[in-house]
Amino acid sequence: MNILVCISQVPDTTTKVKFTDNNTRLDTTGIQWVINPWDELSLTRALELKDDASSGVAKVSVALVGPVSTEPTIRKALAIGADDAYRVDTEALDAYQVAAQLAEVVKAGSFDIILCGIESSDYNGSNVGGMLAEFLNYPSVSGISHLEVQDGQVQVNREIDGGREMLVLPTPFVGIVQKGIAREPRIAAMRGIMMARKKTIQLVDAARVEPLTRTLAYEPPQPRPACKFIDPDNPEQLIALLQNEAKVI
Ligand SMILES: Cc1cc2nc3c(=O)[nH]c(=O)nc-3n(C[C@H](O)[C@H](O)[C@H](O)COP(=O)(O)OP(=O)(O)OC[C@H]3O[C@@H](n4cnc5c(N)ncnc54)[C@H](O)[C@@H]3O)c2cc1C
């Protein structure tokens, strides 16, 4: 059984987001790129399953849609333990175009479980997993918080309103994962970093797919007003501010 983890590269969460070209493009100057946190957790779970001989998982691959500048992020995934990687050589433009490119990787390979994160922490579209399943005509399951594989038999848990749903799934399928899939992301050890240098990143030519969306402009949120400090011995001032300024009482 083979698992493909789709990974997106996103700015580190401490990044001060700025835009360029009339606020139509992200300004990538000085951005520290990381693996999307959901994808790091999916990869961790996939590797845990591979480590467990009774699972029947033989290989864990990763796929990323992005230009050559994304290769350090792919190498991180290989250093964490992925066996090999695919990079579709094109800019990621929107969820539709990304899902279409990933579908070509899946069709050309031999994967039983395809994992996507519930969202990418940059554009937060939550679209790629569902669209990918549609392009492939595979079933998809969203909100997976636990994935178990025993002798090739797949079981997932989904968080549902007020409870948990356990499903046994046929393969192949697209799994869209959320919190709980792994406890902590696996960290690359020195041996993994050395081994990653020898692992293959297979370059995939981009399919001719146009994005469905066009960004008109991004608008940063209004800067937060400065904090007001109130003397703890002066509750009247707090009440006056809540009444007259915040108008909440
Ligand atoms: C500099 C830069 C500028 C960008 N500009 C735009 C833009 O203007 N508009 C825009 O929509 N997108 C843009 N992107 C692409 C964006 O990062 C996403 O890859 C893409 O839009 C899908 O995002 P989403 O929020 O819909 O993904 P989601 O559906 O939220 O992602 C869910 C999951 O899909 C998979 N996934 C998502 N993206 C990829 C990927 N590239 N490769 C492999 N798997 C992936 C991952 O498993 C992820 O956890 C830009 C990226 C970069 C680096």
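Everything here concerns the structure above.
This section reports on the structure supplied with the text.

What counts as what
Residues numbered from 1 in each chain as written. Predicted model: local features only at pLDDT ≥ 70, side-chain atom pairs only at ≥ 80, totals over all residues. Helix = DSSP H or I, 4+ residues; strand = E, 2+ residues; numbered from the N terminus. Contact = placed C-beta atoms within 7 Å. Core = buried A, V, L, I, M, F, W, Y, C linked by C-beta atoms within 7 Å. Buried ≥ 20, exposed ≤ 12 C-beta atoms within 10 Å, placed from the backbone. Pairing = 2+ DSSP bridges. Axes fitted to C-alpha atoms, helices over the stretch in contact; angles between N-to-C directions. Near = placed C-beta within 6 Å. Expected span 1.5 Å × (residues − 1). Parallel < 35°, antiparallel > 145°, perpendicular 65-115°, else oblique. Left-handed = near helix turned anticlockwise from the far one by under 90°. Nonpolar A, V, L, I, M, F, W, Y, C, P; charged D, E, K, R; others polar.

### Some thoughts on the overall build of the protein chain
Looking only at helices and strands, one finds six helices and 13 strands in the protein chain. Put simply, 71% of the contacts in the protein chain that link residues at least 6 apart link residues at least 24 apart.

### Details of the nonpolar core
In terms of nonpolar packing, the biggest core is built from 58 residues, with Val-5, Cys-6, Val-62, Ala-77, Leu-102 and Leu-132 touching the most fellow members. Looking at this core element by element, the count peaks at eight residues for helix H3 (residues 95-108). For Cys-6, the contacting residues outside a window of four places in its chain are Asp-39, Ala-63, Leu-102, Ile-114, Leu-115, Cys-116 and Val-128.

### Digging into the sheet that holds strand S11 (residues 163-169)
Across the sheet, nine strands lie side by side as S11-S10-S9-S12-S8-S1-S6-S7-S13; this open sheet has mixed pairing. Of all the strands in the sheet, the pair left with one neighbour each is S11 and strand S13 (201-204). In this sheet, adjacent strand axes meet at a mean angle of 30° when their direction is disregarded. The pairing of strand S9 (residues 140-150) with strand S10 (residues 153-160) spans six bridges and is antiparallel. If you follow Glu-148 over to S10, its bridge partner there is Gln-155. Of the strands in this sheet, strand S6 (59-65), strand S7 (84-88) and S13 are in contact with helix H2 (residues 71-80), which crosses S7 at around 160°. Relative to the sheet, H3 contacts strand S1 (2-6), S6, S7, strand S8 (113-117) and S13, its axis offset from that of S6 by approximately 145°.

### A short note on the site of the ligand
Taken together, 31 residues are adjacent to the ligand, and Ala-95, Gly-117, Tyr-123, Gly-125 and Val-128 come closest. Put simply, the parts of the chain that give the shell around the ligand at least two residues each are helix H1 (37-51), S6, H3, S8 and helix H4 (128-136).

### Concerning H1
The end-to-end C-alpha distance of H1, which contains 15 residues, comes to 21 Å, matching closely the 21 Å that a straight helix rising 1.5 Å per residue would cover. The buried fraction of H1 is high, at 12 of 15 residues. Among all positions of H1, only Trp-38, Asp-39, Glu-40, Leu-41, Ser-42, Leu-43, Thr-44, Arg-45, Ala-46, Leu-47, Leu-49 and Lys-50 are buried.

### Observations concerning the environment of Leu-41
Tracing the backbone through its elements, the reader meets Leu-41 in helix H1. The buried category is assigned to Leu-41, around which 24 C-beta atoms lie within 10 Å. Considered as a pair, Leu-41 and Leu-26 are 15 residues apart in the sequence and their alpha carbons are 26 Å apart. What Leu-41 contacts, discounting residues up to four positions off in sequence, is Val-177, Ile-181, Ala-182 and Pro-185.

### Details of the environment of Leu-43
Mapped onto the fold, Leu-43 is located in helix H1. In this structure, the C-alpha to C-alpha distance between Leu-43 and Leu-167, residues 124 residues apart in sequence, is 21 Å. Ignoring sequence-local partners within four residues, the contact set of Leu-43 consists of Val-5, Ile-7, Val-62, Ala-77, Ile-80 and Ala-82.

### With respect to H2
Extensive coverage of H2 is indicated by the burial of seven of its 10 residues. Of the residues making up H2, those classed as buried are Thr-73, Ile-74, Lys-76, Ala-77, Leu-78, Ala-79 and Ile-80. At the exit of H2 stands Gly-81, carrying a positive phi of roughly 145°.

### Focus on the packing of H3 against H4
At a minimum axis distance of 8 Å, the contact between H3 and H4 shows a crossing angle of 50°. Comparing the axis directions of H3 and H4 gives the class oblique. For the pair H3 and H4, the crossing hand works out as right-handed. Between H3 and H4, the contacting residues are Ala-95, Tyr-96, Val-98, Ala-99, Ala-100, Leu-102, Ala-103 and Val-106 on the first element and Val-128, Met-131, Leu-132, Phe-135 and Leu-136 on the second. Among the residues forming the contact of H3 with H4, the class breakdown is 13 nonpolar, no polar and no charged.

### What about unusual backbone geometry?
Residue Pro-172 follows Thr-171 across a cis peptide bond; omega there is 0°. Phi at Asn-23 takes a positive value of approximately 60°, unusual for a residue other than glycine. Residue placement: Asn-23 occurs in the loop between strand S3 (19-20) and strand S4 (25-26). In this structure, Asn-124 is a non-glycine residue whose phi angle is positive, near 50°.

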